[in-house]
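Chain by chain, the residues:
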Amino acid sequence: MKKIITLSATLLAGLSLTACSSSQTDSSSSSSADNASSTEVSSKSSSTSSSKVPAEYSAALDKAKSYATTMDMSEQGVRDQLASSSGEDFPDKAVNYAMNHLTGIDWNKNALAKAKTYQKEMDMSDNAIKEQLTSSAGEKFTASQAEYAVQHLSD
């Protein structure tokens, strides 16, 4: 099981890096939906900057939104990525601000998306998927989010 978790973590890290680099290179050819989305983010950034929110806090919030919406990460996974010295390395206050202001994320939906990836790409059993989703070395979803994901795999 440790080999599966290690393999999964390695695969997901690679996919994450690919997704990050793809999103940066694809930004010039973004669709109108992406443009609307970035307009919304920049207008939110503008409103936060006018209310004296430090730039680093806004940057942390923007990164948190990106991780949660494009990479289907768990809430704890996003928090850890923002705080990690091998990740974004934001200070605790910026991380707390970002997580407290990160709204509209359906963590169950994120868990389901990850579960479907494990099922399709790695042919994992429901129990293995649930373990990977909740593992502290894996995705770090809550037990109820993992349960939701496994129950809705056939949807």
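Residues numbered from 1 in each chain as written. Predicted model: local features only at pLDDT ≥ 70, side-chain atom pairs only at ≥ 80, totals over all residues. Heavy atoms only, no water.

**Q** Would you mind going over helix α7 (residues 126-134) in detail, with residue names and values included?
**A** Turning to α7, its buried residues are Ala128, Ile129, Gln132 and Leu133. Burial along α7 is one-sided: seen end-on, the buried residues are contained in an arc of 135°. (Buried < 20%, exposed > 50% of the residue type's maximum accessible area, 1.4 Å probe, protein only. Helix = DSSP H or I, 4+ residues; strand = E, 2+ residues; numbered from the N terminus. Arc of directions from axis to C-beta.)

**Q** Pulling in residues and values, what's your account of the side chain of Asn110?
**A** Turning to its location among the elements, Asn110 is positioned in helix α6 (residues 107-122). Given the relative accessible area of 4%, Asn110 is considered buried. The contacts of Asn110, once residues within four sequence positions are left out, are Ala68, Asp72, Met73, Ile105 and Phe141. (Contact = heavy atoms within 4.5 Å.)

**Q** If you had to explain the nonpolar core to someone new, which residues and values would you point to?
**A** Formed by 19 residues in total, the largest nonpolar core has its most connected members in Val78, Leu82 and Leu102. Of all elements in the fold, only α3 (55-70), α4 (75-83) and α5 (92-101) reach the threshold of two or more residues within this core. Those residues in contact with Leu102, other than ones at most four positions away along the chain, are Leu61, Ala64, Lys65, Ala68 and Trp107. Within the second largest apolar cluster, 13 residues are counted, among which are Ala111, Leu112, Ala115 and Leu153. (Core = buried A, V, L, I, M, F, W, Y, C linked by side-chain atoms within 4.5 Å.)

**Q** Run through unusual backbone geometry, naming residues and quoting values.
**A** One non-glycine residue, Asp89, lies in the positive phi region at around 60°. Along the chain, the position of Asp89 falls in the loop between α4 and α5. With a relative accessible area of 47%, Asp89 lands in the partly exposed category. The backbone of Asp123 shows a phi angle near 50°, a positive value even though the residue is not glycine. For Asp123, a relative accessible area of 67% translates into the label exposed.

**Q** Before we move on, can you summarise the packing of α6 against helix α8 (residues 143-151) with the specific residues and values?
**A** Between α6 and α8, the shortest axis-to-axis distance is 8 Å and the interhelical angle comes to 55°. Accordingly, the angle class assigned to the pair α6 and α8 is oblique. By crossing handedness, the relation of α6 to α8 is classed as right-handed. Across the interface between the two elements, Trp107, Asn108, Ala111, Leu112 and Ala115 from α6 touch Ser144, Gln145, Tyr148 and Ala149 from α8. Within the contact of α6 with α8, the residues separate by chemical class into six nonpolar, three polar and no charged. (Axes fitted to C-alpha atoms, helices over the stretch in contact; angles between N-to-C directions. Parallel < 35°, antiparallel > 145°, perpendicular 65-115°, else oblique. Left-handed = near helix turned anticlockwise from the far one by under 90°. Nonpolar A, V, L, I, M, F, W, Y, C, P; charged D, E, K, R; others polar.)

**Q** Describe the packing of aromatic side chains, and please don't skip the residues or the numbers.
**A** A full pass over the atoms with the stated rule returns one aromatic pair. Judged by centre distance (5.3 Å) and plane angle (40°), the ring pair of Tyr57 and Tyr97 falls under tilted. Taken together, the residues Tyr57 in helix α3 and Tyr97 in helix α5 connect sequence positions 40 residues apart. (Phe/Tyr/Trp six-rings, centres within 6.5 Å; stacked < 30°, edge-to-face > 60°.)

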